[in-house]
Protein chains: 2
Amino acid sequence: MDLIIRLFNRYLSKDRDVANRLRPIIGFTPRRIQLFKMAFYHRSMNNDSPKKMSNERLEFLGDAILSTIVAEYLFKKYPNKDEGFLTKMRSKIVKRQTLNEIADKMGLDVILSEYSLGKLSSSMLGNAFEALIGAVYIEFGYEKTKNYVIKNILMKYLDIKDLESKDDNHKSQLLEWCQKNGKEISFVTLSKFKLDKRDCFKVAVVIDGKEMATAEDFNKKSAEQNASLKVVAILDIL
Amino acid sequence: MDLIIRLFNRYLSKDRDVANRLRPIIGFTPRRIQLFKMAFYHRSMNNDSPKKMSNERLEFLGDAILSTIVAEYLFKKYPNKDEGFLTKMRSKIVKRQTLNEIADKMGLDVILSEYSLGKLSSSMLGNAFEALIGAVYIEFGYEKTKNYVIKNILMKYLDIKDLESKDDNHKSQLLEWCQKNGKEISFVTLSKFKLDKRDCFKVAVVIDGKEMATAEDFNKKSAEQNASLKVVAILDIL
């Protein structure tokens with residue numbers, strides 16, 4: 001009986017411990033402690049446990065929630081900007097590198113390193129951040145999570161003005177990368193056709209003689225940018 | 001004065017008309033008629049009007065909302081499935097082809113054709129559907145939109161069981177496509193390395209001697225599937 005009480009107390013204090021560590025980082029005391037602990041379990045940490053003991057499902061949910069919160073935030077913040085601008089701004093915010101940075105600024109590495117056996121990778125940080133958003137959503141629902149993310153994360157850790165002006169010229173990023181790495185790049189117009197009575201262009205990005213990606217748009221410059229964006233993603237340059 | 005009243009009545013009746021046509025399709029009478037009309041404006045329909053007279057911003061918002069609703073629906077429906085399964089199921093549901101089919105089943109083509117000058121393309125249907133979800137969200141907020149989408153759209157127009165078993169073997173899809181189109185395809189293991197103390201593989205899909213995409217995973221088969229999925233997207237095969 002004594003042992004049971006001791007184990008029970010240890011279990012309780014461990015949970016209290018997690019809650020205490022999370023509070024200053026996330027700004028509130030979570031009710032569903034097990035859920036919030038789950039957000040920090042990377043699959044590499046428990047090779048032998050069943051699949052559901054990892055933060056990947058929560059990450060899947062959190063990734064979607066975060067993406068929508070950011071979409072709505074931008075939709076309202078920029079009532080006169082077109083969809084292309086909104087899409088670019090969102091991808092600047094939700095891209096892996098930015099999420100890793102936010103997670104780092106929040107101090108999630110402290111929590112994560114307690115559960116981790118090996119070395120922390122930066123992507124584990126961003127993943128844990130998304131999983132945390134998933135846990136917050138399950139705890140509070142959409143509206144409260146939205147307010148929480150906007151006030152306590154976006155406004156606190158992101159410089160939106162700075163992101164606006166950040167380079168989103170994917171063609172020039174790609175040209176620069178090719179020059180650095182001694183690759184030969186060219187943009188080829190594959191076809192010109194009519195869509196909804198307007199001229200439309202299909203272009204390809206060719207690197208060292210290999211067609212890497214194609215894209216279509218109503219003007220050649222945009223098609224080149226879109227195709228470049230695909231290649232930037234494929235080559236994982238950003 | 002008479003003219004003003006006539007114009008006013010015409011304007012009113014037009015709005016009433018839109019509401020009347022929308023009601024049987026979306027299942028409720030929208031309050032913000034202008035917003036719901038906007039959901040059906042394709043940018044090709046108004047070359048001369050300002051940019052905001054198109055459904056693209058609403059489509060951006062609706063795409064995010066829909067994606068999150070589907071993510072949450074799957075997260076709850078399949079409590080024991082891993083993130084890979086959830087991601088695949090979601091992409092089967094929110095991919096262009098499925099959205100175009102849903103929009104067609106809903107009868108959005110009837111509304112869309114009234115605003116369209118040229119021929120309706122199937123992607124205009126899917127886009128209008130997403131824009132409509134954006135409008136529903138602005139009208140009702142997240143919770144009501146979620147219930148609406150699940151009950152009136154997902155449960156009504158999708159056979160989830162059928163989607164589960166639908167082919168998601170991207171490697172075999174790619175092999176089949178290459179055979180049909182006389183292309184030579186091979187899967188090349190570029191490197192094997194350690195990640196979190198586990199073996200990790202980087203593989204490339206090579207078509208007619210061109211490296212099309214690469215992917216990494218803890219086993220070769222998954223890496224090949226992931227790389228194939230990228231190529232399927234690049235080549236727009238599905």
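Preceding this paragraph is the structure being described.
**Student:** Please clarify how the overall build of chain A should be interpreted in this entry.
**Tutor:** Along the backbone of chain A there are 11 helices and three strands. Counting helices and strands in the order they occur from the N terminus, chain A gives α-α-α-α-α-α-α-α-α-α-β-β-β-α. A separation of at least 24 residues holds for 50% of the contacts in chain A among residues at least 6 apart in sequence. Total accessible area on chain A stands at roughly 12,500 Å², and carbon and sulfur atoms take up 51% of it.

**Student:** For this particular structure, what's the right way to read empty space enclosed by the protein?
**Tutor:** To find the voids left in a structure, one rolls a probe of water-molecule size over its atoms. All names here are of chain A. Counted by the stated rule, this structure contains one cavity of 30 Å³ or more. By volume, the largest cavity is sized at about 30 Å³. Considering the residues around the largest cavity, the lining is formed by Val18, Arg21, Leu22, Ile111, Glu114 and Tyr115. Contributions of two or more residues to the lining of the largest cavity are made by α1 (2-26) and α6 (108-115). Its residues assigned to classes, the lining of the largest cavity comprises four nonpolar, no polar and two charged.

**Student:** Can you walk me through the interface of chain A and chain B in this structure?
**Tutor:** One widely used convention gives an interface's size as the accessible area the parts lose upon coming together. Listed as interface residues are 44 residues of chain A and, on the opposing side, 44 residues of chain B. On the surface where chain A and chain B come into contact, there are zero salt bridges. Counting the contacts that link chain A with chain B gives 11 residue pairs in polar contact (both at pLDDT 80 or more). Top contributing element to the side of chain A that touches chain B by residue count: helix α3 (residues 56-77) of chain A, with 12 residues. When the residues that make up the side of chain A that touches chain B are grouped by side-chain class, the tally is 18 nonpolar, seven polar and 19 charged.

**Student:** Where do I start with the pattern of salt bridges in this structure?
**Tutor:** Residues and elements named next belong to chain A. Scanning the model with the defined rule gives 14 salt bridges over all chains in all. Residue glutamate 72 pairs with lysine 76 through a salt bridge whose shortest N-O separation is 2.7 Å. Taken together, the residues glutamate 72 and lysine 76, both in helix α3 and four residues apart, mark about one turn of the helix. On the basis of relative accessibility, which here comes to 3%, the residue glutamate 72 falls in the buried class. By relative accessible area, which is 54% here, lysine 76 ends up exposed.

**Student:** Can you help me understand the sheet that holds strand β2 (residues 198-207) of chain A in this one?
**Tutor:** Sheets are built from strands that pair by backbone hydrogen bonding, the pairs being arranged parallel or antiparallel. All names here are of chain A. In space, the three strands of this open sheet follow the order β1-β2-β3, with antiparallel pairing throughout. Looking along the sheet, the strands with just one partner apiece sit at the ends: β1 (185-195) and β3 (210-217). Each neighbouring strand pair of the sheet contributes to a mean axis angle of 20°, computed without reference to strand direction.

**Student:** Can you walk me through the environment of Tyr78(B) in this structure?
**Tutor:** Within the secondary structure, Tyr78(B) is located in the loop between α3 (56-77) and α4 (83-94). In contact with Tyr78(B), not counting residues within four places along its chain, are Arg57(A), Phe85(B), Leu86(B), Met89(B), Ile160(B) and Glu164(B).

**Student:** Can you help me understand the packing of α3(A) against α4(B) in this one?
**Tutor:** For any two helices packed against each other, the geometry is given by the interaxial angle and the distance between the axes. Interhelical geometry of α3(A) versus α4(B) gives an angle of 35° and a closest axis separation of 8 Å. The residues of α4(B) that touch α3(A), namely those facing Glu56(A), Arg57(A), Phe60(A), Asp63(A) and Ala64(A), are Glu83(B), Leu86(B), Thr87(B) and Arg90(B). Classifying every residue of the contact of α3(A) with α4(B) by side-chain character gives three nonpolar, one polar and five charged.

Calculation criteria
Residues numbered from 1 in each chain as written. Chains lettered and ligands numbered in written order. Predicted model: local features only at pLDDT ≥ 70, side-chain atom pairs only at ≥ 80, totals over all residues. Heavy atoms only, no water. Helix = DSSP H or I, 4+ residues; strand = E, 2+ residues; numbered from the N terminus. Contact = heavy atoms within 4.5 Å. Areas by Shrake-Rupley, 256 points an atom, 1.4 Å probe, with all protein chains shown as cover. 1 Å grid on protein atoms, 1.4 Å probe; cavity = no way out; pocket = protein on both sides within 12 Å on 5 of 7 lines; lining within 4 Å. Points joined across faces, edges and corners; volume = space filled by probe spheres on them. Nonpolar A, V, L, I, M, F, W, Y, C, P; charged D, E, K, R; others polar. Salt bridge = Lys/Arg side-chain N within 4 Å of Asp/Glu carboxyl O. Polar contact = N/O pair within 3.5 Å; in protein donor to acceptor, adjacent residues only side chain to side chain. Buried < 20%, exposed > 50% of the residue type's maximum accessible area, 1.4 Å probe, protein only. Pairing = 2+ DSSP bridges. Axes fitted to C-alpha atoms, helices over the stretch in contact; angles between N-to-C directions.

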